[in-house]
Amino acid sequence: MAGAVENRKGPTTDAASGLGAYLRARRARITPEQAGLTAALGLRRAPGLRREEVAALAGISIDYYVRLERGKETHPSPSVVDALARALFLEEQEHRHLRNLAAQAHAGTVEPELRRADAVRPGVLVLSEQLRPNPVFILGRTLDVLACNPGALRLFAGLDAQPPERRNLVRYVFLHPLAREVLDDWDEQARSCVARLRKLAGIDPDAPDLAELVGELMPKSQEFTDLWDRFDIRPHVQGLRTFHHPDVGDVRLGWESMPLDHTPNQRFVVFFAEPDSSDHDRMVLLDRGQGEPRTESESAGRSQSPL
C-alpha cells in the first residue's frame, strides 16, 4: 500500500500507521523504572518498554497491541485507548492526541473542511491594526504568517526580508540565521513548533501543506528531524517571552493565542507589554520601524553564529 509507513520525506499518509508510529515513539520514551517493572531491568537492545510490557500494563493481549503498532488494527475501543494512555504515562494533551489518532485510524480520511484556509477576513485585519503597537500575527495551521501588523513583522528580526509567501514561523526558527540570537527560548520555540506540526499530522496525515513543509525542513535541519522523531505534541509553555532584538535591544512580552471563529485553521496571536514600561516603549519603536542604540553590554552579550 502506498504511503503505508512514515518516511523521511514527511508525515505518513496512512492514518492507522500514524497511530502505530505514535505508540512506538511513546513506548520508546518510558523506562522500566518509570513503569515500575524492576524485575524487567537488565540489558536491552532498544530503549524504552517492550511491546509485551506495554500490553501487560494496559491489560490487553500482546497480539492485539502488535496489530495496533503495525497499523493492522484500526478500531481500538475508548477503554483500550485510555488503558494505553495510562500504560504510557501520557499527559492530558497527549491522551487527547491518542484518542484523535485512534478516531482518525478508524475513519481513514479527513473531512475537506478541515484543510487549510489562507484567506484572512477583513475584520480580523482591521483588528490587528487597531491593536498597534501590540504585535499581532494571524497564523495558519502550519504556522504560515497569513497576515501581521508592522510590529509583529519586525519582532522576529529578519522575517520582513523574506517573501510574504515564504514567511512561516517554523521555517524561521529552524532555518533563519538570526533565530537563535533573537529568540531567548529557542529550544522551547523549536520544540513547540514541531509539536504543533506533529499534532496536525495525527489529525490530517495526508495534508499536502504539512508534507511540503516537513519535507523541506528534514534535509535542512537535523534538529528538526530529531524533534520530529520524538512525536511530542505538548503545547507551548505559557509565560513571558524575551526577544534579543538587534534594533531595540531586549524586550520581554506576554502573549496570547486564540483560534478564530468561523476559521478553525487560523490563530490570532498578540504580544503585549505592561503600559508605561521600557518593554512597551521598545514595542512602540518596533511598530514605528525605529531603533535605539544598544548598550555596550547588550552588544557584547549576543552571539553572531548562524543556525
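Preceding this section is the structure that the text describes.
Reading the values: the criteria
- Throughout this description, residue numbers start from 1 for each chain and increase along the sequence as written.
- Where local features are concerned, this predicted model is filtered to residues with pLDDT of at least 70; where side-chain atom pairs are given and counted, the filter is 80 or more; whole-chain, interface and lining totals use all residues.
- Calculated side-chain values reflect all of the structure's heavy atoms, with hydrogen atoms and water omitted.
- A run of H or I in DSSP counts as a helix once it spans at least four residues, and a run of E counts as a strand once it spans at least two, with each numbered from the N terminus.
- Detection works on a 1 Å grid of protein atoms alone, calling trapped sets that fit a 1.4 Å probe cavities and calling open sets with protein on both sides within 12 Å along at least five of seven lines pockets, with lining residues defined by an atom within 4 Å of a point.
- Grid points are joined across faces, edges and corners, and a volume is the space filled by probe spheres set on the points.
- Throughout, the ten residues Ala, Val, Leu, Ile, Met, Phe, Trp, Tyr, Cys and Pro are labelled nonpolar, Asp, Glu, Lys and Arg are labelled charged, and all others, Gly among them, are labelled polar.

1. A few points about unusual backbone geometry
Of note, the amide linkage connecting Arg-132 to Pro-133 takes the cis form, showing an omega dihedral of 15°. Along the chain, the position of Pro-133 falls in the loop between helix 6 (122–130) and strand 1 (136–139). For Phe-231, which is not glycine, the phi dihedral falls at a positive 60°. Tracing the sequence through the fold places Phe-231 in the loop between helix 12 (222–228) and strand 3 (241–245). Even without a glycine there, the phi angle at Asp-276 is positive, about 65°. Along the chain, Asp-276 falls in the loop between strand 5 (263–272) and helix 13 (278–288).

2. Things to note about the layout of surface pockets
Estimated volume of the largest pocket: approximately 920 Å³. Surrounding the largest pocket, 34 residues form its lining, Arg-141, Leu-143, Arg-196, Ser-257 and Arg-267 being those nearest its centre. Elements represented by at least two residues in the lining of the largest pocket include exactly strand 1, helix 8 (169–175), helix 10 (186–203), strand 4 (249–260) and strand 5. Of the residues forming the lining of the largest pocket, the biggest block, eight residues, is contributed by helix 10. For the lining of the largest pocket, a count of residues per class yields 18 nonpolar, eight polar and eight charged.

All we've got here are geometric facts, nothing functional implied.
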